[in-house]
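Summary of structural features
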Amino acid sequence: SAVISQKPSRDICQRGTSLTIQCQVDSQVTMMFWYRQQPGQSLTLIATANQGSEATYESGFVIDKFPISRPNLTFSTLTVSNMSPEDSSIYLCSVEQGADTQYFGPGTRLTVL
Amino acid sequence: AQSVTQLDSQVPVFEEAPVELRCNYSSSVSVYLFWYVQYPNQGLQLLLKYLSGSTLVKGINGFEAEFNKSQTSFHLRKPSVHISDTAEYFCAVIINTGGFKTIFGAGTRLFVKA
């Protein structure tokens, strides 16, 4: 299994600012994923981050808004840039171990005022 | 396109009653199917998964699900629920698009009443 931690666990930010969310895994993993869960909704995949290559973004998400870093096999960051109230969500980091097993971090609850 | 449909957004049920949370998927290829639970203010936890083999899958906390290929369904069941089962339940499918990607259903809120 993989144990995933995220920082911060929650934050309240002002419109127009940026927040960087960190994801740390206790083992080396190839693929890491970032999801968004808007209030009362399901999870939506933002991007897939592989170490050593640029992140792959899903339709509706762009690098300028959600830049991602993946400097090594146990760490990744997601930045939410130029935030607006519509960005208020829970952001979850996830890792894949094998084709059939995915682990999720506890999430970062972001509120944008 | 692959998709997952959870037919009920909310399911209220009394404690010790049985419950079924419905999930249908659409896919033209083989898929892996999952149920996750999200307790209030917590992350996702895997309940169970279907990869292949027996169509009846048993998971944690007394939950089970049955894969029905002809009906493209993967409904989650528990014969007797507890107050502590109150949570959001997500059905999900992993598809292979050159890398594996998880598609989630909209979620079903199970509310267990005393």
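Residues numbered from 1 in each chain as written. Chains lettered and ligands numbered in written order. Predicted model: local features only at pLDDT ≥ 70, side-chain atom pairs only at ≥ 80, totals over all residues. Heavy atoms only, no water.

1. Overview of the confidence of the model for chain B
- Per-residue confidence for chain B averages 89 on the pLDDT scale, and 93% of its residues sit at or above 70.
- Per-element confidence in chain B ranges from a low mean pLDDT of 81 for strand β11 (residues 100-104) of chain B to a high of 97 for strand β3 (residues 19-21) of chain B. (pLDDT = per-residue confidence, 0-100. Helix = DSSP H or I, 4+ residues; strand = E, 2+ residues; numbered from the N terminus.)

2. Examining the state of the cysteines
- Per the stated rule, a full pass over the model turns up two disulfides over all chains.
- The residue that forms a disulfide with C23 of chain A is C93 of chain A, at a sulfur-sulfur distance of 1.9 Å. An S-S torsion of about -65° defines the bridge between C23 of chain A and C93 of chain A as left-handed. Taken as a pair, C23 of chain A in strand β3 (residues 19-25) and C93 of chain A in strand β9 (residues 89-96) lie far apart in primary sequence, 70 residues in all. C93 of chain A carries the same exposure label as C23 of chain A, and that label is buried.
- Residue C23 of chain B pairs covalently with C91 of chain B via a disulfide, S to S 1.9 Å. Residues C23 of chain B and C91 of chain B are joined by a disulfide whose S-S torsion is about -65°; by sign, that bridge is left-handed. Of the two residues, C23 of chain B sits in strand β4 (residues 23-26) while C91 of chain B sits in strand β10 (residues 87-96), which places them 68 residues apart along the sequence. The burial state of C23 of chain B is the same as that of C91 of chain B; both residues are buried. (Disulfide = S-S within 2.5 Å. Buried < 20%, exposed > 50% of the residue type's maximum accessible area, 1.4 Å probe, protein only.)

3. Side note on the interface of chain B and chain A
- In this complex, chain B contributes 19 residues to the contact, which on the side of chain A involves 19 residues.
- In this assembly, chain B packs against chain A so that about 1500 Å² is buried in total across both faces, 53% of it on carbon and sulfur atoms.
- Of all residues in chain B, L44, F100 and F104 of chain B give up the largest surface area on contact with chain A, accounting jointly for 32% of the area buried on that side.
- Across the chain B-chain A interface, the total number found is zero salt bridges.
- Here chain B is connected to chain A by three residue pairs in polar contact (both at pLDDT 80 or more).
- Going through the elements one at a time, β5 (32-38), β6 (44-50), β10 and β11 of chain B are the ones with two or more residues in the side of chain B that touches chain A.
- The residue inventory of the side of chain B that touches chain A, partitioned by class, reads 10 nonpolar, seven polar and two charged. (Contact = heavy atoms within 4.5 Å. Buried area = accessible area lost by both parts, 1.4 Å probe. Salt bridge = Lys/Arg side-chain N within 4 Å of Asp/Glu carboxyl O. Polar contact = N/O pair within 3.5 Å; in protein donor to acceptor, adjacent residues only side chain to side chain. Nonpolar A, V, L, I, M, F, W, Y, C, P; charged D, E, K, R; others polar.)

4. Looking at the pattern of salt bridges
- Scanning the model with the defined rule gives seven salt bridges over all chains in all.
- Where D87 of chain A meets K65 of chain A, a salt bridge forms, and the shortest distance between an N and an O atom there is 2.7 Å. A residue pair is termed long-range when its members are at least 10 positions apart, and D87 of chain A in the loop between β8 (75-80) and β9 and K65 of chain A in the loop between β6 (56-57) and β7 (68-72) qualify at 22 residues.
- Since its relative accessible area comes to 5%, D87 of chain A is described here as buried.
- In this structure, R77 of chain B engages E20 of chain B in a salt bridge whose closest nitrogen and oxygen atoms are separated by 3.8 Å. With a gap of 57 residues between them, R77 of chain B in strand β9 (residues 73-78) and E20 of chain B in strand β3 connect regions that are remote in the sequence.
- Judged by its relative accessible area of 35%, E20 of chain B falls in the partly exposed class.

5. So, the packing of aromatic side chains
- The final tally for this structure, using the stated rule, is 13 aromatic pairs over all chains.
- Where F104 of chain A meets Y36 of chain B, the ring centres are 5.3 Å apart and the plane angle is 85°; that geometry is what we call edge-to-face. You can see F104 of chain A sitting in strand β10 (residues 102-104) and its partner Y36 of chain B sitting in strand β5, one on each of two chains. Here the two residues F104 of chain A and Y36 of chain B agree in accessibility, since each one is buried.
- Grouped by ring-pair contacts, the aromatic residues Y35 and F104 of chain A together with F34, Y36, F90 and F104 of chain B constitute a single cluster. (Phe/Tyr/Trp six-rings, centres within 6.5 Å; stacked < 30°, edge-to-face > 60°.)

6. Some details on unusual backbone geometry
- Each neighbour pair has its own omega, and for K7 of chain A with P8 of chain A the value is -10°, a cis peptide bond.
- At N82 of chain A, a residue that is not glycine, the phi angle is positive and equals roughly 45°.
- N82 of chain A gets classed as exposed once you look at its relative accessible area, which sits at 54%.
- Although it is not a glycine, T72 of chain B sits at a positive phi angle of roughly 45°.

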